[in-house]
Amino acid sequence: MFDCILIHYGELGLKGLNRPFFEKKLIENIGKALKNVEYQKIRKVQGRIILELNEKSNVEKIEESLKKIFGIAWFAPCKTTEASSIDKIKELVRKNFPIAAGTKARVSTNRADKTLPYTSMEVNRELGAYLVKQFKAKISLGEPETTIFVEIVEGKAYVFDRKIKGLYGLPSGVSGKVLHLLSGGIDSPVAAWLLMKRGCEVDFLHFHAFERFNEAKLAKILDLAKVLTQYSLKARVFFVPFYPFEAEAVEAPSRYRLVLFRRFMVKVAEEIARKHGINALGSGENLAQVSSQTLENMAVISKATTIPILRPLLTYEKNEIVQLAKQIGTFEISVRPYKDCCSIFMAKHPTTKANLEIVESIERRLNLKDAIRECHEEIEIISLE
Ligand code: ATP
Ligand code: MG
């Protein structure tokens with residue numbers, strides 16, 4: 001029955017940004033997200049986006065996709081009519097939005113088109129009276145069971161009875177590119193999602209503990225990346241082996257291996273980032289969640305590179321992270337068993353207060369340059385869209 005979907009984007013966060021660029025990206029992202037579903041066209045009107053449907057459109061499927069697009073505040077499947085008179089709107093409501101007798105109802109009108117010969121208050125009042133007469137509804141402004149929404153834009157009335165909440169945030173791609181360190185754990189996928197939410201285009205780097213790249217063995221990481229790509233619409237996953245580091249780090253004191261590995265990851269990541277025009281690294285680190293994630297250790301890790309490392313989960317509680325992981329759809333995958341790089345090789349009690357001079361003097365004794373080069377030679381890249 002619906003002929004279009006009305007899409008509103010969050011405007012508050014827009015001040016500093018280039019608005020037309022934001023809108024263009026959002027429309028482009030909606031188009032990409034809907035590449036496998038039927039619709040007529042997407043267009044912009046007066047600060048809104050209208051997705052015109054056709055007879056073959058599957059509204060449920062479209063709703064599922066739009067719920068994953070950053071930058072959408074809310075959206076609503078609508079029925080539309082010419083807005084030249086309130087009678088036309090009444091007629092549309094009578095045919096398409098019948099209300100059961102006795103239902104507490106309300107009309108909420110938003111008039112962006114100021115050229116019409118009536119005000120939004122008049123629509124609320126007249127249409128409200130009509131609901132009472134036509135359907136025996138009861139008007140309740142405070143606690144309605146049903147709300148009939150009317151939006152009047154460029155001579156047309158868009159009528160709907162359901163607003164579907166979007167994710168807010170900024171459209172993927174408006175804030176630059178990040179190379180995100182993705183593990184098989186719960187945190188780093190959530191951290192990547194938060195970066196996407198602020199408009200970052202996110203590629204992934206994963207260090208795996210297998211002898212060579214093996215898609216079947218790395219299915220968990222790819223599955224995580226695929227879920228995240230539903231939100232960001234495209235991503236590359238860089239797979240790099242852990243063993244070149246391991247082979248060198250056996251010479252290092254075991255308490256330091258974790259910090260050494262983090263620094264190593266960051267150095268490998270930095271080179272990939274530079275090569276691919278990426279401006280920042282991302283990580284799922286969280287302050288004091290595990291004993292090794294201290295300010296001292298993070299400072300020493302950050303000193304391994306000149307590119308900023310973004311840590312969006314820094315201050316989150318574990319239960320908040322788990323809740324987000326469930327909402328995003330990564331939790332079930334994150335808890336699947338996986339051969340982790342760190343479990344056996346790292347010390348049970350890694351240092352909590354790494355000292356930069358000590359770390360650098362250990363690094364000087366190891367041949368990390370060759371290990372980094374080997375990692376680069378072994379890179380496997382998978383592109384997802
Ligand atoms: P996560 O749940 O994301 O693994 P965590 O709390 O288990 O986080 P660590 O295992 O200490 O924390 O890892 C800290 C961060 O280092 C991760 O969030 C991730 O960004 C990065 N990281 C850890 N292991 C890898 C890996 N094998 N490949 C790429 N990045 C990794
Ligand atoms: Mg982990």
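Before reading further, recall that the structure is shown in the block above.
Throughout this document, residue positions are counted from 1 along each chain, in the order its sequence is written. Working convention: letters from A go to chains and numbers from 1 go to ligands, in the order in which they are written. Whole-chain, interface and lining totals are the exception, using all residues; otherwise, since this is a predicted model, local features are given only for residues with pLDDT of at least 70 and side-chain atom pairs are given and counted only at 80 or more. The basis for the side-chain values is all heavy atoms of the structure; hydrogens and waters are excluded.

**Q** Got a minute to help me understand helix α1 (residues 19–33) in this structure?
**A** Because each turn of an α-helix spans 3.6 residues, side chains separated by three or four positions in sequence point in the same direction. For α1, with 15 residues, the first-to-last C-alpha span of 21 Å sits near the 21 Å given by 1.5 Å per residue. When accessible area is computed with a 1.4 Å probe and restricted to protein chains, residues below 20% of their type maximum are described as buried, those above 50% as exposed, and intermediate ones as partly exposed. Here a helix means four or more residues in a row that DSSP labels H or I, a strand means two or more in a row labelled E, and each is numbered from the N terminus. Among the residues of α1, F22, E23, K25, L26, N29, I30 and G31 are the ones counted as buried. Lining the buried residues of α1 we find β1 (4–9), β2 (41–45), β3 (48–52), α2 (59–66) and β4 (72–82). Helix span, as expected, comes to 1.5 Å for every residue beyond the first. Residues are treated as being in contact if the distance between any of their heavy atoms lies within 4.5 Å.

**Q** Is there a simple way to think about the packing of helix α5 (residues 187–197) against helix α10 (residues 318–328) in this case?
**A** Between two packed helices, both the angle of their axes relative to each other and the distance between the axes serve to describe the pair. Where helices are involved, their axes are fitted lines through C-alpha atoms of the stretch in contact, as for all axes, and angles between N-to-C directions lie from 0 to 180°. One way to put it is that α5 packs onto α10 with a least axis distance of 9 Å and a crossing angle of 70 degrees. One way to sum up the angle between α5 and α10 is to call them roughly perpendicular. Of α10, the residues touching α5 (which contributes D187, V190, W193 and L194) are K318, I321, L324, A325, Q327 and I328. Of the residues in the contact of α5 with α10, the class split is 7 nonpolar, 1 polar and 2 charged. Any angle from 65 to 115 degrees is called roughly perpendicular, while one under 35 is roughly parallel, one over 145 is roughly antiparallel, and all others are oblique. Note on residue classes: Ala, Val, Leu, Ile, Met, Phe, Trp, Tyr, Cys and Pro are nonpolar, Asp, Glu, Lys and Arg are charged, and everything else, Gly too, is polar.

**Q** Would you take a moment to explain the site of ligand 1 for this structure?
**A** Near ligand 1, the surroundings consist of 18 residues, among which L181, S183, D187, S188 and R262 are the closest. Two N or O atoms form a polar contact when they lie within 3.5 Å of each other; inside protein one atom must be a possible hydrogen donor and the other a possible acceptor, and for residues adjacent in sequence the pair counts only when both atoms belong to side chains. The backbone of L182 places a nitrogen or oxygen atom 3.4 Å from a nitrogen atom of ligand 1. Between an oxygen atom of ligand 1 and a main-chain N or O atom of S188, the distance comes to 2.6 Å. A 1.4 Å probe and the Shrake-Rupley method give the accessible areas. Residues count as covered only by the protein chains that appear here. Alone, ligand 1 offers 570 Å² of accessible surface; in the complex the protein occludes 88% of this. At the level of elements, α5, β11 (201–208) and α8 (257–275) are the ones that each hand at least two residues to the shell around ligand 1. Its residues assigned to classes, the shell around ligand 1 shows 7 nonpolar, 8 polar and 3 charged. Residues are labelled near a given molecule or strand when at least one of their non-hydrogen atoms is within 4 Å of it.

**Q** Would you mind showing me how to read the environment of D370 here?
**A** As for its position among the elements, D370 is in helix α13 (residues 368–377). Residue D370 is classed as partly exposed on the basis of its relative accessible area, which comes to 34%. Spatially, the C-alpha atom of D370 lies 76 Å from that of L131, the residues being 239 residues apart in sequence. Within the local environment of D370, its side chain forms a polar contact with the side chain of R373, the two groups lying 3.2 Å apart.

**Q** I tried to follow unusual backbone geometry on my own but got confused; where do I start?
**A** Across the chain, the bulk of peptide bonds are trans and the bulk of non-glycine residues have phi less than zero. Here the phi dihedral of K136 falls at roughly 60 degrees; this positive angle occurs in a residue that is not glycine. Its identity is not glycine, yet E154 carries a phi of approximately 45 degrees, on the positive side. Structurally, the position occupied by E154 is in the loop between β7 (146–153) and β8 (156–160).

**Q** Teacher, can you tell me more about the pattern of salt bridges here?
**A** A side chain of one charge can pair with a side chain of the opposite charge if their charged atoms are brought near each other. We define a salt bridge as a contact between a side-chain nitrogen of Lys or Arg and a carboxyl oxygen of Asp or Glu at a distance within 4 Å. Tallied over the full model, the rule gives 22 salt bridges. Note that R236 and D203 form a salt bridge whose closest N and O atoms lie 2.8 Å from each other. In this pair, R236 sits in strand β12 (residues 235–241) while D203 sits in strand β11, placing the two residues 33 residues apart along the sequence. Given the relative accessible area of 6%, D203 is considered buried. Overlapping salt bridges, with partners in common, bring together R19, E23 and K44 in one network.

**Q** I'm lost on the sheet that holds strand β10 (residues 177–181) in this one. Help?
**A** Across a sheet, strands are paired by hydrogen bonds formed along the backbone, either parallel or antiparallel in direction. Strands qualify as paired when DSSP identifies two bridges or more between them. Read from one edge of the open sheet, 6 strands run β14-β13-β10-β11-β12-β15, paired in mixed fashion. Of all strands in the sheet, those with a lone pairing partner are β14 (309–310) and β15 (380–384), marking the two edges. Pairing of β10 with strand β13 (residues 280–282) involves 3 bridges; the strand directions are parallel. What sits directly across from H180, in β13, is G282.

**Q** It is not clear to me how a nonpolar patch on the surface should be interpreted in this structure. Could you clarify?
**A** Candidate patch residues must exceed 30% relative accessible area and have no salt bridge, after which like charges are joined if within 9 Å and Val, Leu, Ile, Met, Phe, Trp or Tyr side chains if within 5 Å. Together, V132, I139 and L141 line one region of the surface with nonpolar side chains, adding up to about 270 Å² of accessible area. By secondary structure assignment, the location of I139 is in strand β6 (residues 138–139).

**Q** Sorry if this is basic, but what is going on with the nonpolar core here?
**A** The tendency in soluble globular proteins is for nonpolar side chains to be buried side by side. The criterion is simple. A nonpolar core is a set of buried Ala, Val, Leu, Ile, Met, Phe, Trp, Tyr and Cys residues joined through side-chain atoms within 4.5 Å. Among the nonpolar cores identified, the biggest contains 40 residues, and L205, F207, F245, F261 and F264 are the most heavily contacted of them. No other element matches α8, which puts 11 residues into this core. Those residues in contact with F245, other than ones at most four positions away along the chain, are R257, L260, F261, F264, F345, M346, L368 and A371. Of all hydrophobic cores here, the second largest spans 38 residues; its members include L182, L222, L224 and V237.

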